[in-house]
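# Examining the three-dimensional arrangement
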Amino acid sequence: MTGAVRLEPVDERNLEPLLSVAAAEAEPEDVMPPVDAPAGWSLARRDAFREFHRASLGGLNGPTGTAMYAIVSGGEVVGMVRMTRRDEPGTVETGMWLGRSARGRGLGAAALRQLLNAAAAAGMHTVVANTTPDNAGAISVLRKCGAELREEDGILHGRMCLDSALPIR
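Predicted, not measured: the structure shown is a model, and the values here were computed from it.

## Observations regarding the environment of Ala-44
Locating Ala-44 in the fold gives a position in helix α3 (residues 43–54). On the accessibility criterion, Ala-44 (41% relative accessible area) is partly exposed. If we ignore the near neighbours within four places in the chain, the residues touching Ala-44 are Ala-37 and Pro-38.

See below:
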C-alpha cells in the first residue's frame, strides 16, 4: 500500500532492523553523524550507529532532546524520522532517511505528516528542516507537508507551522 506507514519510537526491539536497512540501503553519511571509522558499514560504524540512536532513547525530554522513530511500512522497518528540540520554544527540527527501496512511494510524506502530528501533540508549534537544494526527494516531502521553503547560503530551510491545519496530500 503506497504511503501507508506507522512510526515506532526507536528502542532496542527495532534498533537492529533499523541498522540492517541502513547498512543494506543507505550510505552511513546519510543516516548518522560522521565518525572516525573505516569507510562503509564497518563494525566501528555499526557500533557508532547503535550508540547514536541509544543516546536519544530518552526522547524529547531526555539528554539529547531528540525523539527518534522507526518508519514501518508493510510490517518492515524502512527508515527513520526524528525531531530534536531547538532553542526557540515550541520548535523542533526534523530529519529523515529512507532505504533506497522505500523511496518514491509516498512514505516520506506520510511519515513526516505523522511526525508533525506527534510534534503538535508534544506541544510544539513549529517544525523546521534543512536540506540541500539538489535533494529532490526531501524537497518534495517538505512541499507535500506544507513547508515554507527558502534558500540561504546553499542550504534549503523548511518551516512548517503546526498552528494551522496540516495538509492531507
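## As for unusual backbone geometry
Residue Asp-153 is not a glycine yet carries a positive backbone phi of 50 degrees. Relative to the helices and strands, Asp-153 resides in the loop between β6 (148–152) and β7 (155–161). On the basis of relative accessibility, which here comes to 75%, the residue Asp-153 falls in the exposed class.

## Notes on the packing of helix α1 (residues 12–25) against α3
Geometrically, a packed helix pair is captured by the angle between its two axes and the distance between the axes. For the pair α1 and α3, the least separation of the axes is 11 Å and the interaxial angle reads 135 degrees. By the angle between their directions, the pair α1 and α3 is classed as oblique. Handedness of the crossing formed by α1 with α3: right-handed. Packed against α1, whose contacting residues are Glu-12, Leu-15, Glu-16, Leu-18, Leu-19, Ala-22 and Ala-23, the element α3 presents Arg-46, Phe-49, Arg-50, His-53 and Arg-54 at the interface. Of the residues belonging to the contact of α1 with α3, the class tally is 6 nonpolar, 1 polar and 5 charged.

## Points about the pairing of strand β2 (residues 66–73)
Judged by how many residues are buried, β2 sits mostly within the fold: 8 of 8 residues are covered. Residues Thr-66, Met-68, Ala-70 and Val-72 of β2 are buried on one face, and the alternating residues Ala-67, Tyr-69, Ile-71 and Ser-73, pointing to the opposite face, are buried as well. Sheet topology note: the strand β1 (residues 6–9)/β2 ladder contains 4 bridges and is antiparallel. When the bridges of β2 are listed, Glu-8 appears paired with Ala-70. Bridging between β2 and strand β3 (residues 76–85) involves 8 bridges; their strand directions are antiparallel. Residue pairing in the sheet places Met-68 in a bridge with Arg-82 of β3. As consecutive antiparallel partners, β2 and β3 are separated by 2 residues, and within that stretch Gly-74 has a phi angle of approximately 60 degrees, a positive value.

What counts and what doesn't
- Numbers given for residues are sequential positions, taken from 1 along each chain in its written order.
- Residue-level local features of this predicted model are given only where pLDDT is at least 70; pairs of side-chain atoms are given and counted only at 80 or more, and the full residue set underlies all totals for whole chains, interfaces and linings.
- Heavy atoms throughout the structure, all of them, feed into the side-chain values; hydrogens and water do not.
- Helix and strand definitions follow DSSP, with helices as H or I runs of at least four residues and strands as E runs of at least two, each counted in order from the N terminus.
- Three labels apply to residues, based on accessible area from a 1.4 Å probe with only protein chains included: buried if under 20% of the type maximum, exposed if over 50%, partly exposed otherwise in between.
- The contact definition used throughout considers only heavy atoms, calling two residues in contact when any of these lie within 4.5 Å.
- The axes are straight lines fitted to the C-alpha atoms, using for helices just the contacting stretch, and the angles between their N-to-C directions are given from 0 to 180°.
- Roughly parallel refers to an angle under 35 degrees, roughly antiparallel to one over 145, roughly perpendicular to one between 65 and 115, and oblique to any angle outside these ranges.
- By definition, any crossing whose near helix is turned counterclockwise from its far helix by less than a right angle is left-handed, and any crossing with a clockwise turn is right-handed.
- Three classes are used: nonpolar for Ala, Val, Leu, Ile, Met, Phe, Trp, Tyr, Cys and Pro, charged for Asp, Glu, Lys and Arg, and polar for all others, with Gly counted as polar.
- For two strands to pair, DSSP has to find at least two bridges joining them.

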